[in-house]
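Reading the structure
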Amino acid sequence: MRSSYSYQGALEASERINWRVEDIIGGEKRLDFSKPFMPESLAQVQGLKFLSSEEQRVLNQIRGHEYLAMFGLVEEFILPYVVDHARPVLSGDDYHVRALLQFAGEEAKHIHLFKRFRQEFETGFGSKCEFIGPAQEVRKFVLSHSPLGVAIAILHSEWITLRHYIEGVKENQDLDSQFKSLLKHHWLEESQHTKMDTLIVEEVAGTATEKEIDQAFQEYGEIGAFIDEGSKQQAEFNTEAFIAATARKLSKTERQEMTDAILKGMRWTYLGTGMTHPNFLATVEKIKPAAKTQIQTMAPAFC
Ligand SMILES: [Fe+2]
Ligand SMILES: [Fe+2]
């Protein structure tokens, strides 16, 4: 059974929203480093009792920088995927073509948006925060998988951005208003992407053999494992960035505790919020019910 989403509906909603990067960041619109950037549900820094509230805020902001860089990275493989998916249907239904090109255009804008926020962050934060990559290598790895495997991974990525905003940001009055605005504007457009990507997954799965579907879910697992490996390295980078920013001396145990907390926060942010998302799981179930059970069995390790 197909979803009730349509390309025409997604395009109409998207055209109504339509914001510019320049409306959100730059000029008077600056990050306020006296505020946290990320909701605690994602940042997960307040359990580190050996940190002062100021130090917790610095670590929260480092996780904010990581979020900007991570989404920048994810958008880098979504954009070529959507463009490739659009090309064979260019002479087909007008709404279909326009909706896909709008989708691609928005992801290109999001890449720009996340880059601009990273520039603002780097200007205001005062010390360097390293990030895994390079993006080209990640893109090459992800796009080496089958179209259905990648589409499922992208669908996961689209749904998590909605969940991050709705559950942790929308009603949160403590966060920096610029960072909150970034998450809100991203959410507004991602809301259409979840619908279009559901349609893409359904289309690609509709012509796939059972073997191809099995392979696609195995690949979804591989892409998840790849993100998890990257997160382990990134958790180390974030701890280093915290030490550089605060000049705080951490004992071996404190350092380990910090790296573990960051990794736990990253696992929930990038993996758990998707693996337990009811709408993501509903699409998975329609394609292969056993895959839903398998994802649900694996999910607690990332929650
Ligand atoms: Fe995006
Ligand atoms: Fe998106």
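So, here is what we can say about the structure in this document.

Parameters at a glance
Residues numbered from 1 in each chain as written. Chains lettered and ligands numbered in written order. Predicted model: local features only at pLDDT ≥ 70, side-chain atom pairs only at ≥ 80, totals over all residues. Heavy atoms only, no water. Donors = N, O, S within 2.8 Å, 3.2 Å for Na, K, Ca; no water. Tetrahedral: all angles 85-135°; square planar, octahedral: opposite > 155°, others 65-115°. Helix = DSSP H or I, 4+ residues; strand = E, 2+ residues; numbered from the N terminus. Buried < 20%, exposed > 50% of the residue type's maximum accessible area, 1.4 Å probe, protein only. Salt bridge = Lys/Arg side-chain N within 4 Å of Asp/Glu carboxyl O. Phe/Tyr/Trp six-rings, centres within 6.5 Å; stacked < 30°, edge-to-face > 60°. Contact = heavy atoms within 4.5 Å. Axes fitted to C-alpha atoms, helices over the stretch in contact; angles between N-to-C directions. Parallel < 35°, antiparallel > 145°, perpendicular 65-115°, else oblique. Left-handed = near helix turned anticlockwise from the far one by under 90°. Nonpolar A, V, L, I, M, F, W, Y, C, P; charged D, E, K, R; others polar. Core = buried A, V, L, I, M, F, W, Y, C linked by side-chain atoms within 4.5 Å.

1. Overview of the coordination of the iron ion (ligand 1)
Taken together, the protein ligands of the iron ion (ligand 1) are Glu75 (OE), Glu75 (OE), Glu107 (OE), His110 (ND1), His186 (NE2) and Glu190 (OE), with distances of 2.0 to 2.7 Å. Geometry at the iron ion (ligand 1) is irregular, judged from the six donor atoms that bind it and their angles of 52 to 171° at the metal. Counting residues between consecutive donors of the iron ion (ligand 1) along the chain gives the motif E-x31-E-x2-H-x75-H-x3-E. Taken as a pair, the iron ion (ligand 1) and the iron ion (ligand 2) show a spacing of 3.3 Å, with Glu107 coordinating each metal. Of this pair, Glu107 and His110 both sit in helix α4 (residues 94-125), three residues apart, which is roughly one turn of the helix. Assigned by exposure class, Glu107 and His110 land together as buried.

2. Topic: the pattern of salt bridges
Enumeration according to the criterion identifies 19 salt bridges in this entry. The shortest N-O distance in the salt bridge between Arg116 and Glu120 comes to 3.3 Å. Placement of both Arg116 and Glu120 in helix α4 is noted, with a separation of four residues, approximately one turn of the helix.

3. Points about the packing of aromatic side chains
On inspection of all chains with the given rule, the structure shows 14 aromatic pairs. Judged by centre distance (6.2 Å) and plane angle (75°), the ring pair of Phe37 and Phe121 falls under edge-to-face. On the criterion of sequence distance, the pair formed by Phe37 in the loop between α1 (7-17) and α2 (40-43) and Phe121 in helix α4 is long-range, its members being 84 residues apart. Taken as a pair, Phe37 and Phe121 share a single burial class, namely buried. For the ring pair Phe37 and Phe179, a centre distance of 5.1 Å and an interplane angle of 10° mean the geometry is stacked. Note that Phe37 is positioned in the loop between α1 and α2 and Phe179 in helix α7 (residues 177-206), a separation of 142 residues in sequence. Take Phe37: its relative accessible area is 0%, and that puts it in the buried class. The exposure class of Phe179 is buried, given its relative accessible area of 0%. Among the aromatic residues, those joined into a cluster by ring pairs are Phe33, Phe37, Phe117, Phe121, Phe125 and Phe179.

4. What to know about the environment of Ala245
Checked against the element boundaries, Ala245 lands in helix α8 (residues 210-246). Here Ala245 falls in the partly exposed class, since its relative accessible area comes to 34%. Excluding anything up to four places from it in sequence, Ala245 contacts Val58, Phe125 and Ser127.

5. With respect to the packing of helix α6 (residues 147-169) against helix α10 (residues 278-287)
Packed helices, taken two at a time, are described by the angle between their axes plus the distance between the axes. For the pair α6 and α10, the least separation of the axes is 9 Å and the interaxial angle reads 160°. Between α6 and α10, the angle is such that the two are roughly antiparallel. Judged by the twist between their axes, the crossing of α6 over α10 is right-handed. For the pair α6 and α10, the contacting residues are Ile152, Leu155, His156 and Trp159 in the first and Asn279, Phe280 and Thr283 in the second. When grouped by side-chain class, the residues that make up the contact of α6 with α10 number four nonpolar, three polar and no charged.

6. Things to note about the nonpolar core
Side chains of nonpolar character tend, in soluble globular proteins, to be buried together. The biggest cluster of nonpolar side chains holds 97 residues, and the ones touching the most others in it are Met258 and Phe280. No other element matches the 15 residues that helix α3 (residues 53-86) contributes to this core. Not counting residues up to four positions away in its chain, the partners in contact with Phe280 are Ile152, Leu155, His156, Trp159, Tyr220, Gly274 and Ile295.

7. Structural notes on the coordination of the iron ion (ligand 2)
Protein coordination at the iron ion (ligand 2) comes from Glu107 (OE), Glu158 (OE), Glu190 (OE), Glu190 (OE) and His193 (ND1), with a distance range of 2.0 to 2.4 Å. Taken in chain order, the donor set of the iron ion (ligand 2) reads E-x50-E-x31-E-x2-H. Here Glu190 falls in the buried class, since its relative accessible area comes to 1%. For His193, a relative accessible area of 0% translates into the label buried.

Just distances and angles here, no functional claims.
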